[in-house]
Amino acid sequence: MFRGFSRERARVKRIGHGGEERRGEAKNLGPCSGPNRLRDLCTFCTISLDQEEVYRTKVFEKSVSPFFGEDFYFEIPRPFQCLSFYVYAKGMFLRDLPVGKVAIRKEDLYKYSGKENWFLLQPVDPHSEVQGKVHLEMKLNELITETGSVSQQLVVQIIACQGLPLISGQNCDPYATVTLIGPARCDQKKTKVKKKTSDPQFEETFHFEVTRSSSFKGKSQFQVEEEDIEKLEIKVELWNNGNLAQDVFLGETRVSVKVLRNDHSHRAWYLLQPKGNGTKPKPDDLGSLRLNVTYTEDNVLPSACYTALRNLMLKSPDVKPISASAAHVLGDVCRESVGYEALLPVVRLLLHHNRLLPFLTAVAALELENTQEANTIFRGNSLATRCIDDMMKIVGRSYLTVTLKPVLNEIFESNKTCEIDPIKLKEGDNVEVNKENLQGYVQKLFTSITQSCSSCPPLMCDVFRSLRQLASKRFPVDPHVQYSAVSSFIFLRFFAVAVLSPHTFQLRSHHPDPEITRTLTLISKTIQSLGSWGSLSKNKLSSFKESYMYDFFKLFQEDECIEKVKKFLDEISSNVSNESSGVEDSFVLKEGEVHKRAQGRKRIGKRNFKKRWLRVTNQELSYHKQKGFTALRRQGNKVVKLDITLHREGKEALCVIPVKNILGVEKLEESAFNRKNMFQVIHSERPLYVQAGNCVEANSWIEVLSQVSRCNSGRLSAFHPSAYVSGSWLCCKEPNENAQGCKPCTMTVLANIQLDIDCDRETERIFSFFSCNLSRLQKMEDACACMSVYLGQQKEQEEYSAFTIQDPKETFRTINELRAVLEELQAHHDSKGALTDEPGTIENPIVGKTA
């Protein structure tokens, strides 16, 4: 039996708003009524999985056409029905006012994935804000009364619900109403209220007297009064019990009794639907929102199903020539449809198995064979450059944080004007002062980068050393090519890109405003020019198109700058390992507001949870009473961390847990404290219980903490998924607080690079890319056959030139192996689909009727 499951990720780009066709925008926000509309109010946008907010943009000042310009990327850690976007007007004294929303159902996401679309904002109606599903069973029974007459009875059982929303951040108190509706009847019954749960188990049965029409099979032999049973339906509504407040509608579903026409019973899961309650205002009245949403869903099979394809991909670095390898074939056949996006799962898979370096070396050597001039080395977008780019983004995130984040924080917080283009200067600007500001920022970043060799990840150093050797061998008479081969990646494609878009690399939480964006653009241009060995050669200033950049860059045309770059490139690409200064640089991996349970409390209670500011660095986990400001400043090759806590009391952390003492990080069952999105940090003392703001945040905390502690010695093999309360563990009822856990810990695979790579998922992504490009794979196979028969290029068609085929016979052999593996994997998927696609299962609930 297959135990496959679905894993999803979403990327939301360019949430914004404006009157022009700009990157991500909205327009004409607000209702038409009222003289000022929203012109005097600030607006922001939120992203929600069903009713759970997972992201929020920064507030945009007073405009009916705000441009948010935010990018979000997140793994989806739970089932969901809708991905929703809400636009709010920021209230000064009252609560924030909803302007409108865009809700995209999960099954419709593929229609919009990967494209920019304008969406009309819809009204925010409390009765339309629903999520979850209900499990019910219906039966038709025939009863004979004491008088001998026949009574038809409809039996409805409300079994359970799953995934009901939080109410005011807490689990709801749900109950269900069951109503039999017909042309002349409306009989309603009600379940008991279940306390503090989003997954209530009702197990309650209700009986309704009905009669059966002649159209039904198995008709009773007794003569009974006819009723058109096909016009009857059952309506199930879910409500949150408000006690003294008004009850809150949670969703409904309607099931026609016609489902019992051929069967005596019907048992299924149904998605809850909004209440159909009247007409909606015209969408045009509320404005529009432009979004770019990319959504992928991977149906991951058991690991054994991927063995053949995974081994074929892992063999790629050893295939001669490299163009005949399975990994290179994937890049070739997917290039027209998705560019080189298909290479990311290949890079991650090879990286996990320590096979990436030989593959990158081989594809770089192949590209250099086709490079005719030294000054164009690795400048294009190719399979080799894309793979190396992906590698740097994966393994170099911490490197960017410790190297760039301190100066970037200063740039964002000081917000000095740095415009040096005379055409763009504002009234009152002093170009010399701006030039001084810009030069100061550039100098700080340049110094931080050129002194960061000890922080450069070993794999990046190994790749750069390989590139340097290959370039020198290809162009032996050019003394600068060994440097440009490295600088074209580390400066042009790594540091300069991260400076330009710090939010993309998690260096800042929000997209910068236009003025800071302009500052970052000027800094990025200068940094990539400073890092380019060719640009630092004499008489290269003429390469600048803008005269103001020409004048500014002359400030850095000194032998000292050239030597610093050369020394840095030598150090990160030398044969000698870079030794650290002895003290590991400390940098913040994640921080944010959470609710933490007081440690040592024996009872469950709301007061036991306090708001705290949680921070995890590569060295310690700590929590504080409120947010503090962390500054990282570099002194020589060392980074000094300054913590400034913005309150009078408790300047030091309330609790500090060294990363080396963490024994496990695991999710906590909802029943432990009747709270969602909880996790526990197990260490040498009592477990630390933490509630994150939403499911995405909880997943992110667990991922970061697991990664930073995964190489610790003494990690636990089992844990308790619930809490120790009132003298026993709630999960296993064990009275001994120090008893071994009752559930195996989440498996973590140790690696030289501390990354959380799911190899099965990456292999599934590779399979998906191949499956979507089978026609291109066939063309490549035909090209190999044609080239083999007609001795190479004689009969090569123009469409075959899109493929890199050095050895047709070896490439043909690889494609045949791929076909066999892909067919076998598709058969596994078909078998799994036959088990799970049946409507009404918990994995595939039925979308019920609405009014």
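Residues numbered from 1 in each chain as written. Predicted model: local features only at pLDDT ≥ 70, side-chain atom pairs only at ≥ 80, totals over all residues. Heavy atoms only, no water.

Caption draft 1: Region of interest: the overall build of the chain. In terms of regular secondary structure, the chain is built from 17 helices and 31 strands. Of the contacts formed within the chain by residues at least 6 apart in sequence, a portion of 70% connects residues at least 24 apart. Summed over all atoms, the accessible surface of the chain reaches about 40,700 Å², with 49% contributed by carbon and sulfur. (Helix = DSSP H or I, 4+ residues; strand = E, 2+ residues; numbered from the N terminus. Contact = heavy atoms within 4.5 Å. Areas by Shrake-Rupley, 256 points an atom, 1.4 Å probe, with all protein chains shown as cover.)

Caption draft 2: Highlighting helix 8 (residues 431–450). Compared with an ideal rise of 1.5 Å per residue, which puts 20 residues at 28 Å, helix 8 spans 28 Å between its outermost C-alpha atoms and is within 8% of the ideal. Taken as a whole, helix 8 has its buried residues at Asn-434, Lys-435, Asn-437, Leu-438, Tyr-441, Val-442, Leu-445, Phe-446, Ser-448, Ile-449 and Thr-450. Sitting at the head of helix 8, Asn-430 places a side-chain oxygen 2.9 Å from the backbone nitrogen of Glu-432. (Expected span 1.5 Å × (residues − 1). Buried < 20%, exposed > 50% of the residue type's maximum accessible area, 1.4 Å probe, protein only. Polar contact = N/O pair within 3.5 Å; in protein donor to acceptor, adjacent residues only side chain to side chain.)

Caption draft 3: Highlighting the side chain of His-829. Looking at where His-829 falls in the secondary structure, it is placed in helix 17 (residues 808–836). The exposure class of His-829 is buried, given its relative accessible area of 15%. For His-829, the side chain forms a polar contact with the side chain of Glu-764, separated by 2.9 Å. Once you skip the residues sitting within four places of it in the chain, His-829 turns out to touch Asn-299, Leu-301, Tyr-306, Glu-764 and Phe-767.

Caption draft 4: Here's a closer look at the sheet that holds strand 10 (residues 150–162). If you trace the five strands from one edge of the open sheet to the other, you get 13-10-9-16-31, paired in mixed fashion. The strands lining the two open edges of the sheet, one partner per strand, are strand 13 (201–210) and strand 31 (846–847). In terms of strand pairing, strand 9 (residues 133–144) meets strand 10 through 12 bridges, oriented antiparallel. Bridge pairing links Leu-136 to Ile-158 in strand 10. (Pairing = 2+ DSSP bridges.)

Caption draft 5: Region of the structure containing the nonpolar core. Of all hydrophobic cores here, the largest spans 115 residues; its most connected members are Met-391 and Ile-490. The greatest single-element share of this core, amounting to 11 residues, is contributed by helix 10 (residues 481–500). Sequence-distant contacts of Met-391, defined by excluding residues within four places in its chain, comprise Val-347, Leu-356, Leu-360, Gly-396, Leu-459, Met-460 and Val-463. Within the second largest apolar cluster, 29 residues are counted, among which are Val-134, Leu-140, Phe-202 and Phe-206. (Core = buried A, V, L, I, M, F, W, Y, C linked by side-chain atoms within 4.5 Å.)

Caption draft 6: How the structure looks around the packing of helix 8 against helix 13 (residues 559–572). Packing of helix 8 against helix 13 leaves a shortest axis separation of 9 Å and a crossing angle of 35°. Residues Phe-446, Ile-449 and Thr-450 of helix 8 lie in contact with helix 13, whose contacting residues are Cys-561, Lys-564, Val-565 and Phe-568. (Axes fitted to C-alpha atoms, helices over the stretch in contact; angles between N-to-C directions.)

Caption draft 7: Structural view of unusual backbone geometry. In this chain, Lys-320 is followed by Pro-321 through a cis amide linkage whose omega measures -5°. The residue Pro-321 is located in the loop between helix 2 (307–314) and helix 3 (326–338) in this model. One non-glycine residue, Gln-506, lies in the positive phi region at around 60°. A positive phi angle, close to 65°, is found at Lys-733, a residue other than glycine. If you trace the backbone, Lys-733 turns up in the loop between strand 29 (728–729) and strand 30 (743–744).

Caption draft 8: Representation of the pattern of salt bridges in the model. All told, the structure shown has 34 salt bridges when counted by the stated rule. A salt bridge links Arg-335 to Asp-332, with the nearest nitrogen and oxygen atoms 3.3 Å apart. Here Asp-332 and Arg-335 lie together in helix 3, a separation of three residues that amounts to about one turn. For Arg-335, a relative accessible area of 27% translates into the label partly exposed. The buried category is assigned to Asp-332, whose relative accessible area is 1%. For Glu-810, the salt bridge goes to Arg-813, with nearest N and O atoms at 2.4 Å. Remark: Arg-813 and Glu-810 occur in helix 17; sequence separation between them is three residues, near one turn of the helix. On the accessibility criterion, Glu-810 (23% relative accessible area) is partly exposed. (Salt bridge = Lys/Arg side-chain N within 4 Å of Asp/Glu carboxyl O.)

Caption draft 9: Geometry of the confidence of the model for the chain. With 81% of its residues at a pLDDT of at least 70, the chain reaches an overall mean of 81. Summarising per-element confidence for the chain, the mean pLDDT is lowest in strand 22 (residues 638–645) (42) and highest in helix 2 (96). For residues 213–226, every residue scores under 50 in pLDDT, and the model assigns this stretch 27 contacts once sequence neighbours within four places are set aside. (pLDDT = per-residue confidence, 0-100.)

Caption draft 10: Representation of the sheet that holds strand 11 (residues 174–182) in the model. If you trace the four strands from one edge of the open sheet to the other, you get 12-11-14-15, paired in antiparallel fashion. Two strands lie at the open edges of the sheet, namely strand 12 (185–190) and strand 15 (248–256), each paired on one side alone. Here the strands of the sheet are splayed against their neighbours by 20° on average, with no regard to which way each runs. Sheet analysis places strand 11 next to strand 12, joined by six bridges and oriented antiparallel. Counted as the bridge partner of Val-178 is Lys-189 from strand 12.

Caption draft 11: Structural view of the side chain of Thr-57. Relative to the elements of secondary structure, Thr-57 occurs in the loop between strand 4 (52–56) and strand 5 (70–76). What Thr-57 contacts, discounting residues up to four positions off in sequence, is Phe-44, Cys-45, Phe-68, Glu-70, Phe-72 and His-510.

Caption draft 12: Just the packing of aromatic side chains, in detail. All chains considered together, the criterion is met by 16 aromatic pairs. Arranged with centres 5.4 Å apart and planes meeting at 15°, the rings of Phe-44 and Tyr-88 form a pair that is stacked. Of this pair, Phe-44 sits in strand 3 (residues 43–49) while Tyr-88 is found in strand 6 (residues 82–89), placing the two residues 44 residues apart along the sequence. On the accessibility criterion, Phe-44 (2% relative accessible area) is buried. Aromatic ring contacts, followed pair by pair, group Tyr-399, Phe-491, Phe-494, Phe-495 and Phe-568 into a single cluster. Between the NZ or CZ atom of Arg-474 and the centre of the ring of Phe-475, over which it lies, the distance is 4.8 Å. (Phe/Tyr/Trp six-rings, centres within 6.5 Å; stacked < 30°, edge-to-face > 60°. Lys NZ or Arg CZ within 6 Å of the ring centre and 35° of its normal.)

Caption draft 13: Layout of the pairing of strand 10. Burial analysis of strand 10 places 12 of its 13 residues in the buried class, the great majority of the element. Two strands pair when backbone bridges link them, and strand 10 and strand 13 are joined in this way by eight bridges, in the antiparallel orientation. Opposite Gln-153, over in strand 13, you have Glu-209 as the bridge partner.

Caption draft 14: Local environment of the environment of Ser-488. Secondary-structure assignment places Ser-488 in helix 10. The exposure class of Ser-488 is buried, given its relative accessible area of 2%. Setting aside residues up to four positions removed in sequence, Ser-488 forms contacts with Ile-377, Phe-378, Arg-379 and Arg-493. At 3.1 Å, the side chain of Ser-488 forms a polar contact with the backbone oxygen of Ala-485.

Caption draft 15: Here's a closer look at the environment of Phe-556. Relative to the elements of secondary structure, Phe-556 occurs in the loop between helix 12 (547–553) and helix 13. Put simply, Phe-556 and Leu-530 are 26 residues apart on the chain and 7.9 Å apart in space, counted from C-alpha to C-alpha. Apart from the residues lying within four places of it in its own chain, the contact partners of Phe-556 are Gln-439, Val-442, Gln-443, Thr-526, Leu-530 and Cys-561.

Caption draft 16: Region of interest: the packing of helix 3 against helix 16 (residues 774–789). Running from N to C, helix 3 and helix 16 cross one another at 120°; their axes reach a closest spacing of 9 Å. Here helix 16 runs oblique to helix 3, going by the angle between their axes. For the element pair helix 3 and helix 16, the recorded crossing hand is right-handed. Touching Val-329, Asp-332, Val-333 and Glu-336 of helix 3 are Arg-776, Leu-777 and Met-780, all from helix 16. (Parallel < 35°, antiparallel > 145°, perpendicular 65-115°, else oblique. Left-handed = near helix turned anticlockwise from the far one by under 90°.)

Caption draft 17: The environment of Tyr-441, seen in detail. Along the chain, Tyr-441 turns up in helix 8. Separated by 25 residues in sequence, Tyr-441 and Lys-416 place their C-alpha atoms 9.8 Å apart. Those residues in contact with Tyr-441 that sit more than four places away from it in its chain are Val-407, Glu-410, Ile-411, Ser-414, Asn-415, Lys-416, Cys-418, Thr-519 and Ile-523. There is a polar contact of 2.5 Å between the side chain of Tyr-441 and the side chain of Ser-414.

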